[in-house]
Amino acid sequence: MAEQYFEVNPSVQSAPVLTQVDFWGSRFDFYTDAGVFSKGKLDKGTQILLNSLPDNMQGTLLDLGCGWGAVGIILAKSFPTLKITMSDINMRAVDLAQKNANLNHVDVKVLQSDGFENISDKFDNILLNPPIRAGKALVHELFKQSAMHLNKNGSLYIVIRKQQGAPSAKEFLHTIFNVVGIIERKAGYHVILCKEQML
């Protein structure tokens, strides 16, 4: 089986690439690399997720499965009062996210964690582009753990391609949250907002 970006230590040879991203009127510099999701570009799902968010993000936020750090860093630059934690299982991704945070002069907390293994805090917002290829059981566990790591009235935002299981994901999320809705449909992606966790 081919190595996936959700490995702890990718064995594929490192080959960093500096990428410029223009987003919401700001320019960002990001190092991306082999063995980390979406090398060399800001993927479509992330763009759609970011554009679906409220224009007044506040409080605390977890960028779960942050990859090379696009979501957390763009939000940190756009909402300076937002307290952001970024995590990934992939050590190469964690190193890139920290390097990119420094490069773009934002103050975020970056840590390595297999899901919520090393995360004890609760958050007002959690953002997730789930690792679908890791399997439904793991993805559903991330959904459940996210619910348990949200503050009261917190929000979980998930972006999933329709053909990769958005409808079944939404059905499962209804077993965890009282409020589950699709806030954006674009280019085959659904952005799902979950609130009022039952766990």
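Visitor: An account of the pattern of salt bridges is needed here, citing residue identities and associated values.
Guide: Tallied over the entire structure, the rule returns two salt bridges. We note a salt bridge from Asp22 to Arg27, for which the minimum N-O separation is 2.9 Å. For the pair Asp22 and Arg27, one class covers both residues: exposed. In this structure, Glu141 and Lys144 form a salt bridge, with 3.6 Å as the shortest nitrogen-oxygen distance. Here the residue Glu141 and the residue Lys144 both occupy positions in helix 4 (residues 136-148), the gap between them amounting to three residues, near one helical turn.

Visitor: For the side chain of Thr19, give the residues involved together with the corresponding values.
Guide: Relative to the helices and strands, Thr19 is located in strand 1 (residues 17-23). Every residue in contact with Thr19, bar those within four places of it in the chain, is listed here: Phe28, Asp29, Phe30, Thr32, Gly40 and Lys41.

Visitor: Please give an account of the packing of aromatic side chains that cites residues and values.
Guide: What the rule picks out here adds up to five aromatic pairs. With centroids separated by 4.9 Å and ring planes inclined at 55°, the aromatic side chains of Phe30 and Trp68 adopt a geometry described as tilted. Taken as a pair, Phe30 in strand 2 (residues 26-32) and Trp68 in the loop between strand 3 (60-64) and helix 2 (70-78) lie far apart in primary sequence, 38 residues in all. Look at Phe30 and you get buried, because its relative accessible area is 0%. Where Phe143 meets Phe172, the ring centres are 6.5 Å apart and the plane angle is 35°; that geometry is what we call tilted. Separated by 29 residues along the polypeptide, Phe143 in helix 4 and Phe172 in helix 5 (residues 166-173) bring together distant segments of the chain. By relative accessible area, Phe143 is classed as buried at 0%. Chaining the aromatic ring pairs together yields one cluster made of Phe23, Trp24 and Phe79.

Calculation criteria
- Throughout this description, residue numbers start from 1 for each chain and increase along the sequence as written.
- Local features in a predicted model are, by the rule used here, given only for residues with pLDDT of at least 70; side-chain atom pairs are given and counted only at 80 or more, and totals for whole chains, interfaces and linings are based on all residues.
- Side-chain measures here rest on the full set of heavy atoms in the structure, leaving out hydrogens and waters.
- Here, a salt bridge means any Lys or Arg side-chain nitrogen found within 4 Å of an Asp or Glu carboxyl oxygen.
- Here the term buried applies to any residue with accessible area under 20% of the maximum for its type, exposed to any over 50%, and partly exposed to those in between, with areas from a 1.4 Å probe on protein chains only.
- Numbering of helices and strands runs from the N terminus, with a helix taken as a DSSP run of H or I at least four residues long and a strand as a DSSP run of E at least two residues long.
- Whether two residues are in contact is decided by their heavy atoms, any of which lying within 4.5 Å being enough.
- Put simply, two rings from Phe, Tyr or Trp (the six-membered ring, in Trp's case) pair if the centres are within 6.5 Å, and we call them stacked under 30 degrees between planes, edge-to-face over 60, tilted for the rest.

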